[in-house]
Amino acid sequence: MTSSMPGGPLLAADNLTKTYGSTAALAGISLAVYPGEAVAVMGASGSGKTTLLHCLAGIIRPDTGSVRLFRSGAPVEVTALDDDARSALRRSDFGFVFQQGLLIPELTAGENVALALMLNGTPRAEAEQAAVQALAALGLAGMEQRRIGELSGGQAQRVAIARAQVNGARVLFADEPTGALDSHTSAEVMGLLLRTVEGTGRSLVVVTHDPSVARWCGRIITVADGRIVADTAGAGRTR
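Here's what I pulled together on the structure shown here.

### With respect to the side chain of Arg 219
You can see Arg 219 is positioned in strand E9 (residues 219–224). Among the polar contacts made by the side chain of Arg 219, one reaches the side chain of Glu 37 at a distance of 3.3 Å. Filtering out sequence-adjacent residues up to four positions away, Arg 219 remains in contact with Leu 31, Ala 32, Glu 37, Ala 38, Val 39, Ala 40, Asp 231, Thr 232, Ala 233 and Gly 234.

### What to know about the layout of surface pockets
Of the pockets and cavities examined, the largest pocket occupies roughly 440 Å³. Taken together, 16 residues line the largest pocket, and the ones lying closest to its centre are Arg 90, Phe 96, Ala 116, Leu 119 and Arg 163. For the lining of the largest pocket, the secondary-structure elements that each account for two or more residues are helix H2 (83–92), strand E6 (94–98), helix H3 (109–118) and helix H5 (153–165). Ranked by residue count, the leading element in the lining of the largest pocket is E6, at 4 residues. When its residues are assigned to classes, the lining of the largest pocket shows 9 nonpolar, 4 polar and 3 charged. What the second largest pocket holds in volume is close to 150 Å³. Taken together, 13 residues form the lining of the second largest pocket, with Thr 178, Ser 186, Asp 210, Ser 212 and Val 213 sitting closest to its centre. Only helix H6 (183–195) and helix H7 (211–214) provide two or more residues apiece to the lining of the second largest pocket. The dominant element in the lining of the second largest pocket, judged by the number of residues it contributes, is H6, at 3 residues.

### A few points about the sheet that holds strand E1 (residues 11–20)
One open sheet accounts for 4 strands, arranged E2-E1-E4-E5; its pairing is antiparallel. At either end of the open sheet lies a strand with only one pairing partner, and these are strand E2 (23–33) and strand E5 (76–77). Direction of pairing for E1 relative to strand E4 (residues 64–69): antiparallel, over a ladder of 5 bridges. If you follow Leu 11 over to E4, its bridge partner there is Leu 69. Sitting on the sheet, helix H1 (residues 49–56) is in contact with E1, E2 and E4, with an inclination near 55° to E2.

### Here's the deal with the sheet that holds E9
Spatially, E6-E7-E8-E3-E9-E10 is the arrangement adopted by the 6 strands of the open sheet, whose pairing is mixed. What marks the edges here is a single partner per strand, and that holds for E6 and strand E10 (227–233). Strand-to-strand, the axes of this sheet are offset by a mean angle of 20°, without reference to chain direction. Examined bridge by bridge, strand E3 (residues 38–42) and E9 share 4 bridges and lie parallel to one another. Paired with Ala 40 across the two strands is Ile 220, which belongs to E9. Packed on one face of the sheet, H1 meets E3, E6, strand E7 (171–175), strand E8 (203–208) and E9 and runs near 155° to E7. Running at roughly 165° to E6, H5 makes contact with E6 and E7 of the sheet.

### Observations concerning unusual backbone geometry
One non-glycine residue, Asn 15, lies in positive phi territory at about 50°. The topology assignment puts Asn 15 in strand E1.

### Side note on the pairing of E1
Taken together, the 8 bridges between E1 and E2 define a ladder with antiparallel strand orientation. The partner of Lys 18 across the bridge, within E2, is Leu 26. In this antiparallel pair of consecutive strands, E1 and E2, the connection spans 2 residues, and Gly 21 shows a positive phi of 65°.

### Points about the packing of H5 against H6
Running from N to C, H5 and H6 cross one another at 15°; their axes reach a closest spacing of 10 Å. The orientation of H5 relative to H6 falls into the category roughly parallel. H5 and H6 meet at a crossing whose hand is right-handed. Residues Gly 154, Gln 157, Arg 158 and Ile 161 of H5 lie in contact with H6, whose contacting residues are Thr 185, Glu 188, Val 189, Leu 192 and Leu 193.

### Looking at H6
Over its 13 residues, H6 extends 18 Å from the first C-alpha to the last, a length consistent with the 18 Å expected when each residue adds 1.5 Å. Along H6, the positions that sit buried rather than exposed are Thr 185, Ser 186, Val 189, Met 190, Leu 192, Leu 193 and Leu 194. In this structure, the buried residues of H6 make contact with E3, E6, H5, E7, E8 and H7. At the N-terminal boundary of H6, the capping side chain belongs to Asp 182, with an oxygen 3.1 Å from the backbone nitrogen of His 184.

The rules behind the values
Residues numbered from 1 in each chain as written. Predicted model: local features only at pLDDT ≥ 70, side-chain atom pairs only at ≥ 80, totals over all residues. Heavy atoms only, no water. Helix = DSSP H or I, 4+ residues; strand = E, 2+ residues; numbered from the N terminus. Polar contact = N/O pair within 3.5 Å; in protein donor to acceptor, adjacent residues only side chain to side chain. Contact = heavy atoms within 4.5 Å. 1 Å grid on protein atoms, 1.4 Å probe; cavity = no way out; pocket = protein on both sides within 12 Å on 5 of 7 lines; lining within 4 Å. Points joined across faces, edges and corners; volume = space filled by probe spheres on them. Nonpolar A, V, L, I, M, F, W, Y, C, P; charged D, E, K, R; others polar. Pairing = 2+ DSSP bridges. Axes fitted to C-alpha atoms, helices over the stretch in contact; angles between N-to-C directions. Parallel < 35°, antiparallel > 145°, perpendicular 65-115°, else oblique. Left-handed = near helix turned anticlockwise from the far one by under 90°. Expected span 1.5 Å × (residues − 1). Buried < 20%, exposed > 50% of the residue type's maximum accessible area, 1.4 Å probe, protein only.

Structure representation (structure tokens):
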């Protein structure tokens with residue numbers, strides 16, 4: 001694939017393989033994710049879904065195959081970058097929301113969000129102001145000074161979403177983002193995640209084992225034994 005948009009993919013993986021010992025975590029997966037698209041990756045434990053997310057996000061390298069990020073100018077060959085360059089890409093173009101949030105408990109909600117910008121070189125005052133705005137947009141106005149332990153599970157995930165998108169990330173990756181939440185809060189968090197991509201040109205990739213979570217997305221990829229075995233429409237909006 002050589003498209004740099006519009007109309008083309010934002011992120012594309014071609015023939016990814018990854019083996020751990022004698023186990024093939026990925027066995028030749030190709031996948032394209034388009035701007036404005038919310039994609040759920042489903043599969044049982046050990047199916048390869050989290051390994052796929054980690055390869056797409058440049059956290060690990062596949063053994064073979066390529067991942068490309070398409071943006072203005074030439075596409076970025078994620079798999080060809082060294083560790084430092086992949087880390088820089090994750091700070092600038094990718095955002096992450098995990099099951100437990102992985103927020104820093106010693107910091108306030110505002111500091112957790114501002115840190116994502118400060119690590120990318122944004123001055124502290126500017127980063128803190130952007131954090132206030134990002135939190136307010138997710139219904140957390142006035143909670144900037146609360147530490148993570150003073151927030152509910154749903155509020156903490158809102159902080160994680162704010163942190164993931166405050167840098168203008170093109171692709172948001174969510175790994176079991178509702179796994180520790182009740183059904184009502186789970187629906188709330190999924191609604192907020194989808195809101196971050198609708199009409200923005202961003203994309204969302206959600207890894208989950210829960211069909212009720214996957215159905216929020218416009219597209220559902222099912223993975224088994226390191227391969228895509230189904231690519232179906234979900235109930236959510238497509239691009």
